[in-house]
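Architecture at a glance
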Amino acid sequence: MIKYIVLILAVAGGYYYVSRHCNLANAERLISEHKGASWAPRARYTVALFYDQREDYPKAQEAFTRLLSEYPTCQYVPSVLIHVDEVAQENQDWAAAKAALARYVEEFPEGKDIELARKRLEMLRYHHGP
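Residues numbered from 1 in each chain as written. Predicted model: local features only at pLDDT ≥ 70, side-chain atom pairs only at ≥ 80, totals over all residues. Heavy atoms only, no water.

**Overview of the nonpolar core**
The biggest cluster of nonpolar side chains holds 33 residues, and the ones touching the most others in it are Phe64 and Val80. Secondary-structure elements contributing two or more residues to this core are helix 2 (24–33), helix 3 (40–53), helix 4 (57–70), helix 5 (77–90), helix 6 (94–107) and helix 7 (114–128). Excluding residues within four positions of it along the chain, Val80 makes contact with Tyr45, Phe64, Leu67 and Leu68. (Core = buried A, V, L, I, M, F, W, Y, C linked by side-chain atoms within 4.5 Å. Buried < 20%, exposed > 50% of the residue type's maximum accessible area, 1.4 Å probe, protein only. Helix = DSSP H or I, 4+ residues; strand = E, 2+ residues; numbered from the N terminus. Contact = heavy atoms within 4.5 Å.)

**Describing the side chain of His83**
Among the secondary structure elements, His83 is positioned in helix 5. Classification of His83 by relative accessible area gives buried; the value is 17%. For His83, the residues in contact, after removing those within four places along its chain, are Tyr45, Leu49, Asp52 and Phe64.

**With respect to the environment of Leu24**
Turning to its location among the elements, Leu24 is positioned in helix 2. Take Leu24: its relative accessible area is 3%, and that puts it in the buried class. For the pair Leu24 and Phe50, spaced 26 residues apart in sequence, the C-alpha to C-alpha distance is 8.2 Å. Setting aside residues up to four positions removed in sequence, Leu24 forms contacts with Val47, Phe50, Tyr51 and Arg54.

**With respect to the packing of helix 5 against helix 7**
Angle between the axes and distance between the axes: these two values describe a pair of packed helices. Helix 7 packs onto helix 5 with a crossing angle of 30 degrees between their chain directions and a minimal axis gap of 11 Å. The orientation of helix 5 relative to helix 7 falls into the category roughly parallel. For helix 5 against helix 7, the interelement crossing comes out left-handed. When helix 5 is examined against helix 7, the residues Ile82, Asp85, Glu86 and Gln89 are found in contact with a partner set consisting of Leu116, Ala117, Arg120 and Leu124. When grouped by side-chain class, the residues that make up the contact of helix 5 with helix 7 number 4 nonpolar, 1 polar and 3 charged. (Axes fitted to C-alpha atoms, helices over the stretch in contact; angles between N-to-C directions. Parallel < 35°, antiparallel > 145°, perpendicular 65-115°, else oblique. Left-handed = near helix turned anticlockwise from the far one by under 90°. Nonpolar A, V, L, I, M, F, W, Y, C, P; charged D, E, K, R; others polar.)

**Details of helix 6**
The end-to-end C-alpha separation of helix 6 is 20 Å, in line with the 20 Å expected for 14 residues at 1.5 Å each. Those residues of helix 6 that fall on the buried side of the exposure criterion are Ala97, Lys98, Ala100, Leu101 and Tyr104. Viewed along the axis of helix 6, the buried residues span an arc of 160 degrees, placing them on a single side of the element. Seen from the open side of helix 6, the exposed residues pointing more than 90 degrees away from its buried face are Ala95 and Glu106. Tucked into the core, helix 6 has its buried residues touching helix 5 and helix 7. (Expected span 1.5 Å × (residues − 1). Arc of directions from axis to C-beta.)

**A word on the packing of aromatic side chains**
Per the counting criterion, the structure on display carries 3 aromatic pairs. For the ring pair Tyr104 and Phe108, a centre distance of 5.5 Å and an interplane angle of 45 degrees mean the geometry is tilted. Linked through ring pairs, Tyr45, Phe64 and Tyr76 together constitute an aromatic cluster. (Phe/Tyr/Trp six-rings, centres within 6.5 Å; stacked < 30°, edge-to-face > 60°.)

Written out as structure tokens, the structure is:
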């Protein structure tokens, strides 16, 4: 049991360190050079999550949006759309938040976050217009 706790703490500590100290610009450049690689969508998603964790919402929004444009059908799209809504709201980019949620509702009507997306979209429309 102690081994598992130590392992979990080590992984969490490693994730925290990398998320705070990793040069994400170099990672983005590497991903851009290898857009067709099977690992590229996952790497782009991870970079966007790191920006989000750093609370660098403009860069997070840019990275999530780039993932959507480069890999519009990848497995991360549903999750990315929810993240775009969150970071766009932090950036007060209401149009981007609404567009992400509307796309989620349209493309993933059976998605695990469909109720969340519908409620957020309704709130945005109510507070920030159609």
